[in-house]
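# Geometric and topological summary
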Amino acid sequence: MSITITGAGGFLGQRVTKLLAGRGEELVLADLVPPPNPPEGATVLKGNLAETLPKAITKDTTAVIHLAAVVSAGAEADFGHGYDVNLTGLRSVLERCRNLATRPKFLFTSSLAVFGAVDRVDDTTATMPQSSYGTQKALGELLVNDYSRKGFIDGRTLRLPTVVIRPGKPNAAASSFASGILREPLAGEESICPVSPDLALWIASPASVTQALIHALDLGEDALAPWRVLNVPGITVTVREMVEALGKAGGDTSLVKFQHDPAIDAIVGSWPALFETPRALALGFPPADDLDTLIQSHINGL
Ligand SMILES: NC(=O)c1ccc[n+]([C@@H]2O[C@H](COP(=O)([O-])OP(=O)(O)OC[C@H]3O[C@@H](n4cnc5c(N)ncnc54)[C@H](O)[C@@H]3O)[C@@H](O)[C@H]2O)c1
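Residues numbered from 1 in each chain as written. Predicted model: local features only at pLDDT ≥ 70, side-chain atom pairs only at ≥ 80, totals over all residues.

With that settled, the discussion passes to the overall build of the protein chain. When helices and strands are tallied, the protein chain shows 11 helices and 14 strands. Taking 302 residues into account, the globule formula puts the C-alpha radius of gyration at 19 Å, and the protein chain, at 19 Å, falls close to it. Taken along the three principal axes of its C-alpha coordinates, the protein chain extends 55 × 40 × 40 Å. Considering the protein chain as a whole, with its 302 residues, one finds that 50% of them fall into the buried category. Across the protein chain, every contact between residues at least 6 apart in sequence was considered, and the portion connecting residues at least 24 apart equals 74%. (Helix = DSSP H or I, 4+ residues; strand = E, 2+ residues; numbered from the N terminus. Rg over C-alpha atoms; globule rule 2.2 N^0.38 Å. Buried ≥ 20, exposed ≤ 12 C-beta atoms within 10 Å, placed from the backbone. Contact = placed C-beta atoms within 7 Å.)

Here is the structure:
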């Protein structure tokens, strides 16, 4: 009886691994880049999921947390690779579950990028993605729902806010700056902000999002049926408010330099920032950390 985490070497994968290992779960960790410090006893599968899949998901797998993905700007820059990993890759994982006929829990992470530029999002807002990444995630939501409807998996899809502050180096997410404008100045380094200070974002701390993922995994059987997609609680902040909060936390706000990047602005500007998440809250998902707590937990973790 084990839980498989794809993309386990990534940002969220490492956090989810730590929490699940802490409660004694048997884990199978699959990633192109293996996790740096896998917990004792975990099975680590290094390589492309297309090749490791038969070992990654077996008759013993009770749950799959599918995090392996090409993130937003990466999927926009390399159209073929984005579809290969985010759509064909997901479909292969779902097919593996279907062929095993064991109906594992299946946790999939979607994104606010599935929405177009709408003013406000609630649990019934239609998806109108304006990027390849958003399109791939919207298609993934439908696949997870349909494989669940047919009884091949017990699916639960979470649309995650942008996770801030992501530690380490900037990544290929179009929203990478949202972490950078806090993380770099807190480390005494300059950070380039490619969007206007007025841009509003829907964000959540790593701790809030990791808790939401674990909560979704622990929900009872078919808890989200028949529509298994959920907007996760987050907070709405403008870039200006983030920079002000940086100053309040002791960061040097003059290290944030504004240099407009039309490509990034086009992607991130197409994402909505105002969300209502009554369904998630009713299902016991915790409200997201506020901005000051989010920054403080990053500082404490340094
Ligand atoms: N972090 C965020 O702000 C955010 C927001 C919304 C949704 N999400 C989604 O959550 C999931 C995890 O995000 P993250 O921030 O941890 O991403 P990440 O880029 O840190 O991790 C993804 C991991 O997937 C692995 N991977 C990619 N292709 C693979 C393949 N073919 N075979 C095996 N492994 C492969 C990568 O090596 C990487 O370690 C992704 O699906 C992402 O789209 C993240």
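Let's shift gears to the domain arrangement of the protein chain. The domain boundaries assigned to the protein chain delineate domain 1 (2-159 + 206-231) and domain 2 (176-202 + 235-274 + 286-301). Just the C-alpha atoms count here: the centres of domain 1 and domain 2 sit 26 Å apart. On the side of domain 2, 10 residues touch domain 1, which itself brings 17 residues to the contact. At the level of secondary structure, the elements contributing two or more residues to the side of domain 1 that touches domain 2 comprise helix 3 (72-77), strand 6 (120-121) and helix 7 (206-218). Its residues assigned to classes, the side of domain 1 that touches domain 2 comprises eight nonpolar, six polar and three charged. (Domains from an automatic or database assignment. Nonpolar A, V, L, I, M, F, W, Y, C, P; charged D, E, K, R; others polar.)

For the rest of this paragraph, the subject is helix 8 (residues 239-248). Those residues of helix 8 that fall on the buried side of the exposure criterion are V239, M242, V243 and L246. The buried side chains of helix 8 occupy one side of the element, clustering within an arc of 95 degrees when seen end-on. G250 sits one or two residues past helix 8 and shows a positive phi near 95 degrees. (Arc of directions from axis to C-beta.)

The environment of the ligand is formed by 23 residues, the closest being G7, G10, A69, T109 and V163. Of all the secondary-structure elements, those providing two or more residues to the shell around the ligand are helix 1 (11-22), strand 2 (27-31), helix 4 (79-100), strand 5 (105-111) and strand 8 (162-163). Considering only residue class, the shell around the ligand consists of 13 nonpolar, nine polar and one charged. (Near = placed C-beta within 6 Å.)

On to unusual backbone geometry, then. Glycine aside, residues mostly have negative phi, and peptide bonds are mostly found in the trans state. A cis amide bond links V164 with the next residue in sequence, I165, at an omega value of 5 degrees. Examined against the element boundaries, I165 turns out to sit in the loop between strand 8 and helix 6 (176-186). Along the chain, A225 connects to P226 via a cis peptide bond; the corresponding omega equals 5 degrees. Within the secondary structure, P226 is located in the loop between helix 7 and strand 11 (229-231). At A101, a position not held by glycine, the phi torsion is positive, near 55 degrees. As for its position among the elements, A101 is in the loop between helix 4 and strand 5. Phi angles above zero are rare outside glycine, and R103 is one such case at about 50 degrees. Tracing the chain through its elements places R103 in the loop between helix 4 and strand 5.

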